[in-house]
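Descriptive structure summary
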Amino acid sequence: MYRNFIRPILFKFDAERAHNLAIWALKSNILKYPKIANYDSLKVTICDIEFDNPITMAAGFDKNAEVISGLFKFGFGSIESGTVTPKPQLGNAKPRIFRLEQDKAIINRLGFNNVGIEKFLQNIQSQKINGPFGINIGKNKDQKDLASDYTNLMDLVYGLSSYVTINISSPNTKNLRDIQKKSELDVFLQKIVTKKLELAVKIGKDIPIFLKIAPDLNDNELQDISSAILKNKIDAIIISNSTISRKNLKSNNKKEVGGLTGKPLFDMSNEILSKLYQFTGGQVPLIASGGVFSAENAYEKIKRGASMVQIYSAFIYEGFSLVETIKRDLDILLKKDGFNNISEAVGTERG
C-alpha cells in the first residue's frame, strides 16, 4: 500500500514538505500501524540498555522529539531524536532536501534546523514513551567554542533519555567535522567525559555517551579516532553520518551540496565499520547506519561488527512496514546460520 499509493502521493510534494506531512500524520495518530512481533533472537543489550531488537530510527527524522512514541509503533527497538542545539535554529536556505529516486538516496543540507532544547524537552515530556531512546545533540552554527554547547546541553538532557549521542559529523554545519581531527578530538572528548562523570554522580546513574562519526575518513583518521575513543572510554560509536562523496550516482539531484544518505552509502559505511571494529578490537559497541534497506543489509553490518543498526532513508522509500519485515527476515537469517541470538553474529565476518 505504501509503495503503490502513499509514496507516490508524498513524492509529489517537495521533500521537506512531505517530511513535515509525515510528522503531522504521526502526531495526529491517523496512520495504520503494523502488527508488532518480538523475537528472542533479536533482543540485544549494549551499555546496560536492553533493546527488544537492534533496529533504530536514526537521528534526523524526528529532529524535535515530536513523535518518539508514534515511531515505536512501527516496531523499532529504539528511536534517536535530534539533532538538537541549545538555541532554536532555522538552518540553511530552502530547498535543502533532495530525493535521488534512481539511487534510493537523499541529499540534505538542513544545517541542524530545530526548535531548540527548551521546546525539545517539552515535546519529550508531553509523550508517553515506552522504549529506550536517545537524544542527539549538536552545536549552534554561531558557537565558536567547540565543546561548550555540548557540555551545556548535557546539563539539560543527561538522565532524560537512555543514551546521549554527540554529533560531530554533520557536513552541514561549518567546521563541525574539525572536531574529529586528532588535534581537537582528545581534548573535546575529555571535556565530554568529565561532564558525564560529574552528571552521573549528580543523578546517581550512568547514562551512556555515543559518538557519531563521518564516513569520509581515511585509515589514519580512523585510527586516531579509535585511540581517542578507547582512551576516553566513550560508550559506543555510531557509524556513520551522511557522506559528501558522490560516487556512481544516476539521479538528477546528484550534484546538490549536502550530506548523502541511502543506498549509495552502504558499501562506504561498511568499510568504515569493519576498520573501526578492527581498530577498537571489538571493545566498543558499534551502531551501524548507512544504506540499510533489508534484513540482508542489516545482517552484513552485524557480521562486520555492529551490535545495532539505524535506518532513515529506507523508511522513506520502503514504507512503514519495513522494520517488521527486517526483523522477521533477520530472525530467519540468524536461525539459518545457527545463531540463537544476534549478539553471537557480531563481528563474525569482518569484510
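Residues numbered from 1 in each chain as written. Predicted model: local features only at pLDDT ≥ 70, side-chain atom pairs only at ≥ 80, totals over all residues. Heavy atoms only, no water.

A word on the sheet that holds strand E12 (residues 286-289)
Read around the barrel, 8 strands follow the order E3-E4-E7-E8-E9-E10-E12-E13 and close on themselves; strand pairing throughout is parallel. Recorded for the sheet is a direction-independent mean angle of 25° between the axes of neighbouring strands. Taken together, the 4 bridges between strand E9 (residues 209-213) and strand E10 (residues 236-239) define a ladder with parallel strand orientation. Note that in E10 the partner of Lys212 across the bridge is Ile238. Lying on the sheet, helix H5 (residues 148-157) is in contact with strand E4 (78-84), strand E7 (133-137), strand E8 (163-167) and E9; it crosses E7 at an angle near 150°. (Pairing = 2+ DSSP bridges. Helix = DSSP H or I, 4+ residues; strand = E, 2+ residues; numbered from the N terminus. Axes fitted to C-alpha atoms, helices over the stretch in contact; angles between N-to-C directions. Contact = heavy atoms within 4.5 Å.)

Structural notes on the pairing of strand E13 (residues 306-311)
Of all 6 residues that make up E13, 6 are buried, and the element is covered over most of its length. In terms of strand pairing, strand E3 (residues 55-57) meets E13 through 3 bridges, oriented parallel. Bridging across to E13, Ile55 finds its partner in Val309. Bridge count between E12 and E13: 4 bridges; the pairing is parallel. Note that in E13 the partner of Leu286 across the bridge is Ala306. In terms of handedness, the path from E12 via helix H9 (residues 295-303) over to E13 forms a crossover that is right-handed. (Buried < 20%, exposed > 50% of the residue type's maximum accessible area, 1.4 Å probe, protein only. Right-handed = clockwise from strand over helix to strand, strands pointing away.)

Concerning helix H7 (residues 219-232)
Helix length check: H7 (14 residues) gives 20 Å between terminal C-alpha atoms against 20 Å at 1.5 Å per residue, within 8%. Restricting attention to buried positions, one finds in H7 the residues Leu222, Ile225, Ser226, Ala228, Ile229 and Asn232. Seen along its axis, H7 keeps its buried residues to an arc of 165°; they face one direction. Exposed side of H7, more than 90 degrees from the buried face: Asn220 and Lys231 are the residues found there. Considering only its buried residues, H7 is in contact with helix H6 (182-203), E9, E10 and helix H8 (266-279). (Expected span 1.5 Å × (residues − 1). Arc of directions from axis to C-beta.)

Here we look at the environment of Asn113
Assignment of secondary structure puts Asn113 in the loop between strand E6 (105-108) and helix H4 (117-125). When the C-alpha atoms of Asn113 and Ala147 are compared, they prove to be 19 Å apart, with 34 residues separating the residues in sequence. Not counting residues within four places of it along the chain, the set of residues in contact with Asn113 comprises Glu16, Lys63, Gln89, Leu90, Gly91 and Arg96.

Everything listed is a geometric property; what it means functionally is a separate question.
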